[in-house]
Amino acid sequence: MTVESTAARTPRRSAGSKAGTTGTKRTTRTTAKKDAGTEPQLVQLLTPEGKRVKNAEYDKYVAGVTPDELRGLYRDMVLTRRFDAEATSLQRQGELGLWASLLGQEAAQIGSGRALRDDDYVFPTYREHGVAWCRGVDPTNLLGMFRGVNNGGWDPNGNNFQLYTIVIGSQTLHATGYAMGIAKDGADSAVIAYFGDGASSQGDVAESFTFSAVYNAPVVFFCQNNQWAISEPTEKQSRVPIYQRAQGFGFPGVRVDGNDVLGCLAVTRWALERARAGEGPTLVEAFTYRMGAHTTSDDPSRYRGDEERQAWEAKDPILRLRRYLEASNHADEGFFAELEAESEALGKRVREAVRAMPDPDHFAIFENVYADGHALVDEERAQFAAYQASFADEGGN
Ligand SMILES: Cc1ncc(C[n+]2csc(CCOP(=O)(O)OP(=O)(O)O)c2C)c(N)n1
Ligand SMILES: [Mg+2]
């Protein structure tokens, strides 16, 4: 192939990038962004100051929420945060190998989690500790995998809450297939798939959007846009706000304030209702912020500034509901004090449960790989047994 023909096939660089001037480059990027989508619209029912704002479209989905239920949402968020902080500490103390904190994402998870019915089915990533809480999965069960003593820790069918998924975006395909299946069964339940802003770049997510749209599958895609995929900012994932991508696949997308638990509850209820009514998938983008590190192995100070986090601390999901509860006299000091005591007790229970987790049998890893056994697994088991035995010999000499 001649040099000329290669050049003809290669997309031309813009004059700006050829010249290498950042100014020209910036102009090109801005133009692309402007042309690609419209200004984002945000659904918000509760402001950061804790003020309830009217919303003609979504108010009806939370109109029946009682003061007792509001306190319940607050309790869910506080206990989830406490559990999460305890897990982070346990990792620092060497009791867990790793932890993925949800700090700052409590409203997105509790709001959407409390919108679900028991017969709905959840496909989480690895950070949905608040959703797990809403499903009734015992929080201590979430820790086994992070301690390295089991491969999951709960029965997915016990609470209709699948095991955590580390392979980014893959659970959206599982959710879509499951939703197509329950639709064929004639069930009126719905499926929800959680994923992140970074996951939205995965082929699996695009494929699940295509399949769910053309098969009208009863699935809600719940994207927690916490604005970072480890060290990659959202601008590197999409030229348009993530929720606007749904339009190209032929189903609605909505951006909700992910730090507003009422907004998340309302929008998810609406999306689930659509799914149940046979109207197909919906993309909900919960616009939020990951206040902590990606995981305990990450150091965010290497790629983002403190001021960003501080700005989001002012939008804290728990604080805003507390302000609303106090201003509307829906909760008194006694309630908050009782909850503090309950948090303490949960922390203690979690610490004790983790330390008491038995180490697995060394050979358990080879079980349940195949239903009927497999030559390769047998070989690996034998190799591992020989390896273990080599320590015994050393000890004996
Ligand atoms: C298929 C795949 N590619 C890469 C990784 C490594 N990885 C783990 S988490 C992560 C970032 C995910 O970001 P996002 O989807 O925004 O979720 P978040 O952790 O921010 O909640 C990556 C790239 C992985 N687990 N799976
Ligand atoms: Mg993210």
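Structure: see above.
If you're wondering where the values come from, they're calculated on a predicted model, not measured in any experiment.

Conventions and cut-offs
Residues numbered from 1 in each chain as written. Chains lettered and ligands numbered in written order. Predicted model: local features only at pLDDT ≥ 70, side-chain atom pairs only at ≥ 80, totals over all residues. Helix = DSSP H or I, 4+ residues; strand = E, 2+ residues; numbered from the N terminus. Buried ≥ 20, exposed ≤ 12 C-beta atoms within 10 Å, placed from the backbone. Contact = placed C-beta atoms within 7 Å. Near = placed C-beta within 6 Å. Nonpolar A, V, L, I, M, F, W, Y, C, P; charged D, E, K, R; others polar. Pairing = 2+ DSSP bridges. Axes fitted to C-alpha atoms, helices over the stretch in contact; angles between N-to-C directions. Parallel < 35°, antiparallel > 145°, perpendicular 65-115°, else oblique. Left-handed = near helix turned anticlockwise from the far one by under 90°. Core = buried A, V, L, I, M, F, W, Y, C linked by C-beta atoms within 7 Å.

## Some points on the overall build of the protein chain
Counting its regular elements, the protein chain contains 16 helices and seven strands. Relative to its 397 residues, the protein chain shows a buried fraction of 39%. Sequence separation of at least 24 residues holds for 76% of the intrachain contacts in the protein chain that already meet a minimum separation of 6.

## Some points on the site of ligand 1
Around ligand 1 lies a shell of 14 residues, among which I168, G196, G198, A199 and A229 are the nearest. Looking at side-chain class alone, the shell around ligand 1 contains seven nonpolar, four polar and three charged residues.

## Overview of helix 5 (residues 106–113)
Burial runs high along helix 5: eight of the eight residues are buried. Restricting attention to buried positions, one finds in helix 5 the residues E106, A107, A108, Q109, I110, G111, S112 and G113.

## So, unusual backbone geometry
Despite not being glycine, N216 shows a phi value in the positive range, around 55 degrees. Along the polypeptide, N216 turns up in the loop between helix 10 (203–214) and strand 3 (219–225). Overall, the presence of 17 C-beta atoms within 10 Å leaves N216 in the partly exposed class. Of note, N329 is a non-glycine position whose phi angle comes to about 55 degrees, a positive value.

## A word on the sheet that holds strand 1 (residues 121–123)
Taken together, the five strands give an open sheet; going across it, the order is 1-2-3-7-6, and neighbouring strands pair in parallel fashion. Sheet topology places strand 1 and strand 6 (253–257) at the edges, where each strand pairs with a single neighbour. Neighbouring strand axes in the sheet, compared pairwise and without regard to direction, differ in orientation by 20 degrees on average. In this structure, strand 2 (residues 191–196) lies alongside strand 3, joined through six bridges in parallel fashion. The residue of strand 3 that forms the bridge with F195 is C223. Those strands touched by helix 9 (residues 170–185) are strand 1, strand 2 and strand 3, and its axis lies near 170 degrees from that of strand 2.

## Brief notes about the environment of A246
With respect to the element layout, A246 can be found in helix 11 (residues 245–249). Owing to 21 C-beta atoms within 10 Å, A246 belongs among the buried residues under this scheme. Residues A246 and P281, 35 residues apart in the sequence, show an inter-C-alpha distance of 9.2 Å. Setting aside residues up to four positions removed in sequence, A246 forms contacts with F251, P252, G253 and L283.

## Observations concerning the environment of G136
Relative to the elements of secondary structure, G136 occurs in the loop between helix 6 (129–135) and helix 7 (143–147). Along the backbone, G136 and G158 are 22 residues apart, and their C-alpha atoms lie at a distance of 9.3 Å.

## Remarks on the packing of helix 5 against helix 12 (residues 261–276)
Interaxial distance between helix 5 and helix 12 falls to 7 Å at its minimum, and their mutual angle equals 40 degrees. In terms of axis orientation, helix 5 runs oblique to helix 12. Classified by chirality, the crossing of helix 12 by helix 5 is right-handed. Every residue of helix 12 that contacts helix 5 at A107, A108, I110, G111 and S112 is listed here: V261, L262, G263, C264, L265 and T268.

## Brief notes about the nonpolar core
Of all hydrophobic cores here, the largest spans 82 residues; its most connected members are V191, A193, V220, V267 and V284. Ranked by residue count, the leading element in this core is helix 12, at ten residues. Discounting residues that sit within four places of it in the chain, V191 has contacts with D120, Y121, F123, A175, Y178, A179, I182, P218 and V219.

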